[in-house]
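Remarks on the overall topology
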Amino acid sequence: QVQLVESGGGLVQAGDSLRLSCAASGRTVVNYVMGWVRQAPGKEREFVAGNRLSATRYADSVKGRFTISRDNAGNMAYLQMVSLKPEDTAVYYCAVDASVAVSTDYRRYDYWGQGTQVTVSS
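Residues numbered from 1 in each chain as written. Predicted model: local features only at pLDDT ≥ 70, side-chain atom pairs only at ≥ 80, totals over all residues. Heavy atoms only, no water.

1. Considering the sheet that holds strand β8 (residues 76-81)
Taking strand neighbours across the sheet as the criterion, the 4 strands line up as β1-β3-β8-β7 in an open arrangement whose pairing is antiparallel. Every other strand in the sheet has two partners, leaving β1 (3-7) and β7 (66-70) as the edge strands with one partner each. On average, each strand axis in the sheet is inclined to that of its neighbour by 15°, with strand direction left out of account. Relative to β8, β7 is paired through 5 bridges, and the arrangement is antiparallel. Paired with Arg70 across the bridge in β8 is Ala77. (Pairing = 2+ DSSP bridges. Helix = DSSP H or I, 4+ residues; strand = E, 2+ residues; numbered from the N terminus. Axes fitted to C-alpha atoms, helices over the stretch in contact; angles between N-to-C directions.)

2. Focus on the state of the cysteines
The tally for this structure, following the rule as stated, stands at 1 disulfide. Cys22 shares a disulfide with Cys94; S-S distance 2.0 Å. Disulfide Cys22 to Cys94: torsion about the S-S bond roughly -80°, handedness left-handed. With Cys22 in strand β3 (residues 18-25) and Cys94 in strand β9 (residues 90-97), this pair connects stretches of sequence that are 72 residues apart. There is no split in this pair, since Cys22 and Cys94 are both buried. (Disulfide = S-S within 2.5 Å. Buried < 20%, exposed > 50% of the residue type's maximum accessible area, 1.4 Å probe, protein only.)

3. Observations concerning the packing of aromatic side chains
All told, the structure shown has 2 aromatic pairs when counted by the stated rule. Measuring from centroid to centroid gives 6.1 Å for Tyr93 and Trp112, while their planes differ by 80°, and the two rings are edge-to-face. Separated by 19 residues along the polypeptide, Tyr93 in strand β9 and Trp112 in strand β10 (residues 111-112) bring together distant segments of the chain. Classification of Tyr93 by relative accessible area gives buried; the value is 12%. The exposure class of Trp112 is partly exposed, given its relative accessible area of 27%. Both rings, one in Tyr109 and one in Trp112, keep their centres 6.4 Å apart while their planes meet at 65°; by these two values the pair is edge-to-face. These aromatic residues form a ring-pair network of at least three members: Tyr93, Tyr109 and Trp112. (Phe/Tyr/Trp six-rings, centres within 6.5 Å; stacked < 30°, edge-to-face > 60°.)

So, in structure tokens, the structure goes:
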């Protein structure tokens, strides 16, 4: 089993930056995909970014503004968000997919954190 804990959410203004962190425990996930998925009120969950080793994918809506990274041990993931917009407001979930390809389908992810709220005011 993998446990995921997110941190770093909060209330910011449009144009601000925020950095989310995710700590994985229970088993090493260095060879797994770690990703970020968000869910806005009344909307379906949406893939944001995913990484495994040298492979990284982003949703079109965040390309150029969000950056996913991982620590050397591979058990921490980060999401650096800049130029935040009100439409980025959502609960952000860290997720792990125990496969080798970075999928943009959030339903592929096997393990989930509890989520952290990001609110961007205009």
